[in-house]
Amino acid sequence: MRYVLLNLPIRGNRSQLEGYRDMRELVKLTIDGQEVRVQPGVTIYWAAKAAGIEIPHLCYGEDIHPLSSCRLCVVEVEGMKNLAASCTYPVSAGMVVRTTTERVQKARRLNLELILSDHDVSCITCEKSGSCSLEKYAYEFGISESIFTGPDRAKNVFPIKEENPFIVRDYNKCILCGRCVLACSELQFDSAIDYADRGFKAHISTAFDRPLQDTPCEFCGRCISVCPVGALTEKERVKKGREWEFEVTSTICPYCGCGCTLEMHTKDGKLIKVTTPAKGTVSKGNLCVKGKFGIYYINHPERLTTPLIRKATKSGASGGKPAAKGGTSGAAKGGEFVEASWDEALDLVAKRLREIKDKHGPGVIGGLSSAKCTNEENYVFQKFMRAVIGTNNVDHCARLCHSSTVAGLAKAFGSGAMTNSITELRFADCIFVTGSNTTEAHPIIGLEIKAAVKKNGATLIVADPREIDLVGVAALHLRQRSGTDVALFNGMMQVILSEGLEDKDFIEKRTEDFEKFKAVVMQYTPEKVEKITGVPKEKIIQAARLYARAGSASIIYSMGITQHTTGTDNVLSLANLAMVTGNVGKKSTGVNPLRGQNNVQGACDLGALPNVYPGYQQVANPQVKEKFEKAWQASLSPVPGLTVVEMLHGTEDGKIRAMYTMGENPFLSDPNINRVKKDLEALEFLVVQDIFLSDTAQYADVVLPAASFAEKDGTFTNTERRVQLLRKVLDPPGKAKADWQILGELAARLGYPMSYTSTAEIMEEIAGLTPIYGGMSLNRLQGFGLQWPCPDREHPGTPYLHKGMFSRGRGLFNPVEYIPPAEEPDAEYPLLLTTGRILYHFHTGTMSRRVDGLHAIRPDGFVEIHPDDAAVLKLSDGDMAQITSRRGTVTAKTVVTERSRPGTVFMTFHYREAAANILTNDALDPVAKIPEFKVCAVKVKKASAGKKKEAVKART
Ligand code: SF4
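Because the structure is predicted, anything quoted here is derived from the model rather than measured. (Residues numbered from 1 in each chain as written. Predicted model: local features only at pLDDT ≥ 70, side-chain atom pairs only at ≥ 80, totals over all residues. Heavy atoms only, no water.)

Q: Which residues make up the overall build of the chain, and what are the values?
A: Check the secondary structure of the chain and you find 29 helices and 37 strands. Taken over the C-alpha trace, the chain has a radius of gyration of 29 Å; the compact-globule value for 956 residues is 30 Å, and the two agree within 12%. Projected onto its principal axes, the C-alpha positions of the chain cover 90 × 70 × 65 Å. Relative to its full complement of 956 residues, the chain shows a buried share of 63%. Taking the intrachain contacts of the chain between residues at least 6 apart in sequence as the baseline, contacts between residues at least 24 apart amount to 72%. (Helix = DSSP H or I, 4+ residues; strand = E, 2+ residues; numbered from the N terminus. Rg over C-alpha atoms; globule rule 2.2 N^0.38 Å. Buried < 20%, exposed > 50% of the residue type's maximum accessible area, 1.4 Å probe, protein only. Contact = heavy atoms within 4.5 Å.)

The structure is reproduced here in structure tokens:
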């Protein structure tokens, strides 16, 4: 029988063989009597695997370099004196290989005995028992005890290391295979661990035996997943059950927009541990700390389990649940929450919404849908607001992160989404990252970028005011002043055009309005741009040349670009940059916005926006309106609704009187929190549907308990437009229900039955009304999902957009002038504040701050200050600083670091006790209505003792 191998790794490097198709060059050999044909350079191990022959191995891992140290994979090669390690030995024509001869088995047995002699054989209590490779091979070879005696590990001489919150390290069980060391350096690029000492004392260690949290370790947990024995274990799972007792369900991560696959191991209704498959997923065996260790919030005792209704008390005192880390107790609005049945709660919501609608019309009711919820739930929510309530006042947090992307890319290209796919990044010649702290906000995409640079030699350009982690592997760092992005990009394009580096053919055949654009851009000379941005002109010229001369260049950006009053201009400018060099519509190129939340792409796709129905079909278009009226059997409003910030501000003059928020926490996520607080207080009626009693829920009249991502099924769409299946892992706690079920029951009470029986049924309806999702069904989404557009049931999905033709026909060049931010530093507020995320927390902290391990690693909010500014302000590392803007004051711990530019301070918005959004500016981009989170003016001083005490109190 013949086997032909394609796309197999050469010595662990899969990418070298991508696309290999020349059958004439295949090498023919024989393995255990079978004829096999493989590519030249493939190892015997892989050739055997293709022939269905599994060769035992301990030190070899598929994506890391082979070490051939365990010698378990040895095979006999005819004509060779010694046995060959199949994991490293390449095939050759006519080779005859035998994998199970007596000599081979004897050698393997001897090697196993040697490994076992230096291994703590405590399989009875070992957490890995049942999935340990050494245990498996010892069983297969019938070895219960080694004939050798080892002096160290087998006698438990190494202290068990449990100093960090996530990983238990027991090096008495370590067999020194080195997989964890290689995974850490080759897959995670951290190099937090290495070999230490020699001989019997040899062990895996951190430099100077430091606790893991004091090393570059990012707690991705990849070391645990590659460890073939029980030396590394998830701390959370210890003594919670044996491997064979766990039920494993595959689903999608609820944190960022990467869309990693999570295998949830559960027992008795509790999450025990999380792993991820090595193949067929976005994550490719990697997870970040939040996906690996940050899911335990679903088991948290503060989960909402029953509906709550605010009832007035004589004293007006607050009541409700006890305080959570990052949450508040009781009702900020006065009165107290009392438990209610679903009937009581939903009857009250229906009654109040009907009353307000009858008295003031549907336009005074606003709804916030959720990027945390499924596509099906977002579809049902916007349908509820439009068909049941009768308004287009529906929006969600995309308004706060990427509405400028949707507006800008739709205008330039005709489609407001990431143009290319995550995996294509690895094969780009040049990657231009701007306004994206990718390794912290989108860690798995950060790994792809590092892999492109470190493994495939891509050139990385980073344009960011902060010295983010990616700067460490970049060829060039452009450190522009926050809010000067348009000037910087125009400067690069001026150089490209001046030096004739543009793609003339692409411009002529694929685009329009080039001359208008050119007339503006040519005014941005490097000298002028240096003055505006602070970036030396030499670097602007170098960046322009590197980007324009690359065979394929990919732009990655995120909220550093979008969250400005000029957010749409920034996006249009990046689109210009890609078009002028012909870097759109091809593999490994494009303009790639990284979406922040797990399903923010899906929430946009499914019409949780005030101006479009699902599939970006315009609300104001009469034919579209008619189509949805017919399908939904409802009369729909032709007037686009209000955005998130407009709805909240609308409470100030009675334009908005009631709101329904599903899985959103505007109290912490919106700018200018002091104003948001007053806006929430001004509402006549507020419904909050969520999994925890969030800060916003403190202002609610009714709180409805929702199921978390792990307790329902449906689909999420990740940042690369990939629609993936979410599977139910556990039952919701108490009386909590899936959001779509709650909405269905409420709609029925309002006289519009939405009695869906499953998410598959909802997806069928979506596919019928949403051309870009036309070919989707839950059945088709098994496996690796589908990327939209996928217009029909035969369509395979679209890895990259605008091939041959833009969605709008020709790509549109837009002349964009630089406009300064709405608020700049001045004599009174001399510093510039910018905000962002950190690896260990997410968004408003509702989920991540309820995970003990994440909280232990990063318990406090902080403000980063450059040493020059810190010296002037007499602030030292660890001092409490008071930061004040025109909108409010917060206190936070000082971190003195050169990561921030002089004159710029940085804060995260995860911490309610140091809420950066008290300070941020709610000035809006005129097109996308996105607030200017990324720039505002502040003053900083050392906090007084009283303020320090207040900050401590707020934390506890
Ligand atoms: Fe989850 Fe994003 Fe981390 Fe992947 S990178 S595990 S999707 S948080």
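Q: Can you break down the nonpolar core residue by residue, with the values?
A: Phe219, Met264 and Phe709 are the most contacted members of the largest nonpolar core, which has 93 residues in total. Counting residues per element, this core draws most heavily on helix 12 (residues 443–454), which supplies seven residues. If sequence neighbours within four positions are ignored, methionine 264 has contacts with Glu247, Val248, Thr249, Thr251, Leu271, Lys273, Val274, Ile295, Ile298, Phe709, Ala710 and Val729. One finds Cys373, Phe381, Val388 and Ala634 within the second-largest nonpolar core, a separate group that totals 60 residues. (Core = buried A, V, L, I, M, F, W, Y, C linked by side-chain atoms within 4.5 Å.)

Q: Tell me about helix 3 (residues 133–140), and please be specific about residues and values.
A: Listing the buried residues of helix 3 in full gives Ser133, Leu134, Tyr137 and Ala138. Taken end-on, helix 3 shows its buried residues confined to a sector of 130°, consistent with a single buried face. Against helix 2 (102–117) lie the buried residues of helix 3. Positioned one or two residues after helix 3, glycine 142 has a phi angle of 65°, which is positive. (Arc of directions from axis to C-beta.)

Q: Any details on the site of the ligand? Residues and values, ideally.
A: The ligand sits among Cys253, Tyr255, Cys256, Cys258, Gly259, Cys260, Leu287, Cys288, Lys290, Gly291, Pro443 and Ile444. Elements supplying a minimum of two residues to the shell around the ligand: helix 6 (289–293) and helix 12. Of the residues contributing to the shell around the ligand, the split by class is nine nonpolar, two polar and one charged. (Near = heavy atom within 4 Å. Nonpolar A, V, L, I, M, F, W, Y, C, P; charged D, E, K, R; others polar.)

Q: Residues and numbers for the pairing of strand 12 (residues 270–275), please.
A: A large share of strand 12 lies buried, amounting to five of its six residues. Pairing of strand 11 (residues 261–267) with strand 12 involves five bridges; the strand directions are antiparallel. Along strand 12, the bridge assignment pairs histidine 265 with lysine 273. In textbook terms, the turn of a hairpin is the stretch between consecutive antiparallel strands, and for strand 11 and strand 12 this stretch comprises two residues, one of which, aspartate 268, has a positive phi near 50°. (Pairing = 2+ DSSP bridges.)

Q: Explain the sheet that holds strand 2 (residues 34–38) to me, and be specific about the residues and the numbers.
A: Strands sit in the order 2-1-5-3-4 across an open sheet of five strands; the sheet is mixed. Bordering the open sheet on either side are strand 2 and strand 4 (84–85), each of which pairs with just one other strand. Looking at chain direction, strand 1 (residues 27–31) and strand 5 (residues 96–98) are connected through two bridges and run parallel. Residue pairing in the sheet places threonine 30 in a bridge with valine 96 of strand 5.

Q: Hey, could you go over a nonpolar patch on the surface for me, with residue numbers and the actual values?
A: Residues Leu110, Leu114, Ile147 and Phe148 make up a contiguous nonpolar surface patch of roughly 370 Å² in combined accessible area. Classification of leucine 110 by relative accessible area gives partly exposed; the value is 43%. (Patch = residues over 30% accessible without salt bridge, like charges linked within 9 Å, V, L, I, M, F, W, Y side chains within 5 Å. Areas by Shrake-Rupley, 256 points an atom, 1.4 Å probe, with all protein chains shown as cover. Salt bridge = Lys/Arg side-chain N within 4 Å of Asp/Glu carboxyl O.)

Q: Explain the sheet that holds strand 17 (residues 430–434) to me, and be specific about the residues and the numbers.
A: By way of backbone hydrogen bonds, the strands of a sheet pair with one another, either parallel or antiparallel. With parallel pairing, the five strands of this open sheet are ordered in space as 19-18-17-21-22. Unpaired on one side and paired on the other, strand 19 (476–478) and strand 22 (591–593) mark the two borders of the sheet. Here the strands of the sheet are splayed against their neighbours by 20° on average, with no regard to which way each runs. Helix 13 (residues 485–498) contacts strand 17, strand 18 (459–463) and strand 19 of the sheet and is inclined by roughly 155° relative to strand 17. (Axes fitted to C-alpha atoms, helices over the stretch in contact; angles between N-to-C directions.)

Q: Could you give me a rundown of the packing of helix 10 (residues 403–412) against helix 19 (residues 567–580), with the residues and numbers involved?
A: At a minimum axis distance of 8 Å, the contact between helix 10 and helix 19 shows a crossing angle of 40°. Regarding the angle of helix 10 to helix 19, the classification is oblique. Crossing hand, helix 10 versus helix 19: right-handed. Note on element contacts: helix 19 touches helix 10 through Gly567, Thr568, Val571, Leu572 and Ala575, opposite Ser404, Thr405, Ala407, Gly408, Leu409, Lys411 and Ala412. Taken together, the residues of the contact of helix 10 with helix 19 break down into six nonpolar, five polar and one charged. (Parallel < 35°, antiparallel > 145°, perpendicular 65-115°, else oblique. Left-handed = near helix turned anticlockwise from the far one by under 90°.)

Q: Residue-level account of the environment of serine 86, with values.
A: Among the structural elements, serine 86 can be located in the loop between strand 4 and strand 5. For the pair serine 86 and glycine 285, spaced 199 residues apart in sequence, the C-alpha separation works out to 23 Å. Filtering out sequence-adjacent residues up to four positions away, serine 86 remains in contact with Thr43, Ile44, Tyr45, Ile55, Cys73 and Val75.

Q: Break down the packing of aromatic side chains for me, with residues and values.
A: Scanning the entire structure with this criterion turns up 22 aromatic pairs. A centroid spacing of 5.8 Å and a plane angle of 50° characterise the contact between phenylalanine 514 and phenylalanine 517, whose relative ring orientation is tilted. Placement of both phenylalanine 514 and phenylalanine 517 in helix 15 (residues 514–521) is noted, with a separation of three residues, approximately one turn of the helix. Each member of the pair, phenylalanine 514 as well as phenylalanine 517, is classed as buried. Taking 5.9 Å as the distance between ring centres and 75° as the angle between the ring planes, the aromatic pair formed by tyrosine 613 and tryptophan 632 counts as edge-to-face. Of the two residues, tyrosine 613 sits in strand 23 (residues 612–613) while tryptophan 632 sits in helix 21 (residues 622–632), which places them 19 residues apart along the sequence. (Phe/Tyr/Trp six-rings, centres within 6.5 Å; stacked < 30°, edge-to-face > 60°.)

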